[in-house]
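Survey of secondary and tertiary structure
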Amino acid sequence: TIKTDLTLEDVMAAKTRADVCTWTDFVDAKGREHDVERLLIETFGFHPIAVQNAIGRSQHPRLDDWGDHVTLVVHAPSLPEDATRIQFRELDIFFTASSIVTYHDEAIPEIDRLWDQVARNPKRFAKGADNLLYQLLDAILSGHMPIIDRFDEWQTVTETAVLENVDSSALADIFRQKRLLTDLRRTLAAEREVLYRLGRDDLAIVDDHDQRLFRDLYEHTVRLHDLVESLRDVTNGALETHLSVSAKRTNEIMKTLTLFTVFFMPISFIASFFGMNFFGGSWSEAGEVIGPRPAFWGTMLLVVITPIGMWLW
């Protein structure tokens, strides 16, 4: 059976029983950090350094073995619509042979969903604290897949935009995706090492069966990390495609401008040559070589024929 209406004294009494597993969750303790810190150290008996690190926040994913208890730091990611950064909500876990204590500043939907599942199926709570830890970490890792799926959808849209419309907005989207994927990759790499230690290290409070489960989570994290790496490669490919298309378009523009320049060079020469003082008042002084009217039409003919001839050539 599962009991939820427990006082702190009930929880501490239950911790001494080998047949009872407890889960204590501290949420949004802003302004009461000192009280929570004293409670975790003096009442629960956790190592002061581990508690201070948890209260201090802003930690990378890590695992510390303190003998009779283990502390873990994992991050639950979320990506709101039109967000420029992935929000990583830190979750600190204190884990003993018969109890789990979680501490986080913000509500984490994965924890709420897991609690609902455990409440509907009490047998999931009866397999011990290490198995409950496995379920908790599995729920946190499952929250990565929707974000990766969104990146996959964004990649399709971005690739289409790059080919159809080469502008600064497409380039900004590509760099934003690269930055977000880099943040997600960095967190997954650290969490992968945490799960590796859970599945491989000789931890006194984790039995062999659940170590195999943690190794399965480690392999799941490796797959997630590989997916993120693949998405980063696709993003880099989109960036290269964008630059190639931009360079090709620039070359076409330069080719057109060069073509017009070449066409107008002989026209400019003819215009400047016949713009000399061959006509007007100085014409009679220089001696009439050709009449003004034939000279004009001859010049017009040269202006038309010369670029056509150059084009054919």
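Shown above is the structure to which this text applies.
This report concerns the structure included in the present document. Keep in mind that this is a model prediction, so the values were computed, not measured.

What follows covers the pairing of strand β5 (residues 99–104). Among the six residues in β5, six count as buried, and that is most of the element. Neither face of β5 is open: one carries S99, V101 and Y103, the other I100, T102 and H104, and all of them are buried. With six bridges joining them, strand β1 (residues 22–27) and β5 adopt parallel strand pairing. Its bridge partner lying in β5, W23 is registered against I100. Judged from the four bridges that link them, strand β4 (residues 87–95) and β5 form a sheet pairing that is antiparallel. Pairing of I93 across the sheet is with T102, part of β5.

What follows concerns the packing of aromatic side chains. Each aromatic ring pair is characterised by the separation of its centres together with the angle its planes make. Under the definition given, this model contains eight aromatic pairs. Taking the centre distance of 6.4 Å and the plane angle of 70° together, the rings of Y134 and F214 count as edge-to-face. Within this pair, whereas Y134 is found in helix α5 (residues 129–142), its partner F214 is found in helix α8 (residues 208–274), the two being separated by 80 residues in sequence. Here Y134 matches F214 in class, with each residue buried. Each member of the aromatic cluster is reached from another via a ring pair, and the members are F26, F44, F46 and F94.

One can describe the packing of helix α2 (residues 33–43) onto helix α3 (residues 48–56) by two numbers: an axis separation of 9 Å at closest approach and a directional angle of 155°. In terms of orientation, α2 and α3 fall into the roughly antiparallel class. Crossing of α2 against α3: the hand is right-handed. Contacts between α2 and α3 involve E33, V36, E37, L40 and I41 on the former and, on the latter, P48, V51, Q52 and I55. When its residues are assigned to classes, the contact of α2 with α3 shows six nonpolar, one polar and two charged.

Residues L72, I93, F95, L137 and F151 are the most contacted members of the largest nonpolar core, which totals 45 residues. Taken together, the elements giving at least two residues each to this core come down to β3 (70–78), β4, α4 (109–120), α5, α6 (144–164), α7 (168–200) and α8. Take this core: its biggest share by element is eight residues, from α5. Here F151 is in contact with L79, I86, Q177, L180, L181, L184 and L231, once residues within four sequence places are set aside. In terms of nonpolar packing, the next biggest core, distinct from the first, is built from 16 residues, A29, A50, I55 and V101 among them.

The rules behind each value
Residues numbered from 1 in each chain as written. Predicted model: local features only at pLDDT ≥ 70, side-chain atom pairs only at ≥ 80, totals over all residues. Heavy atoms only, no water. Buried < 20%, exposed > 50% of the residue type's maximum accessible area, 1.4 Å probe, protein only. Helix = DSSP H or I, 4+ residues; strand = E, 2+ residues; numbered from the N terminus. Pairing = 2+ DSSP bridges. Phe/Tyr/Trp six-rings, centres within 6.5 Å; stacked < 30°, edge-to-face > 60°. Axes fitted to C-alpha atoms, helices over the stretch in contact; angles between N-to-C directions. Parallel < 35°, antiparallel > 145°, perpendicular 65-115°, else oblique. Left-handed = near helix turned anticlockwise from the far one by under 90°. Contact = heavy atoms within 4.5 Å. Nonpolar A, V, L, I, M, F, W, Y, C, P; charged D, E, K, R; others polar. Core = buried A, V, L, I, M, F, W, Y, C linked by side-chain atoms within 4.5 Å.

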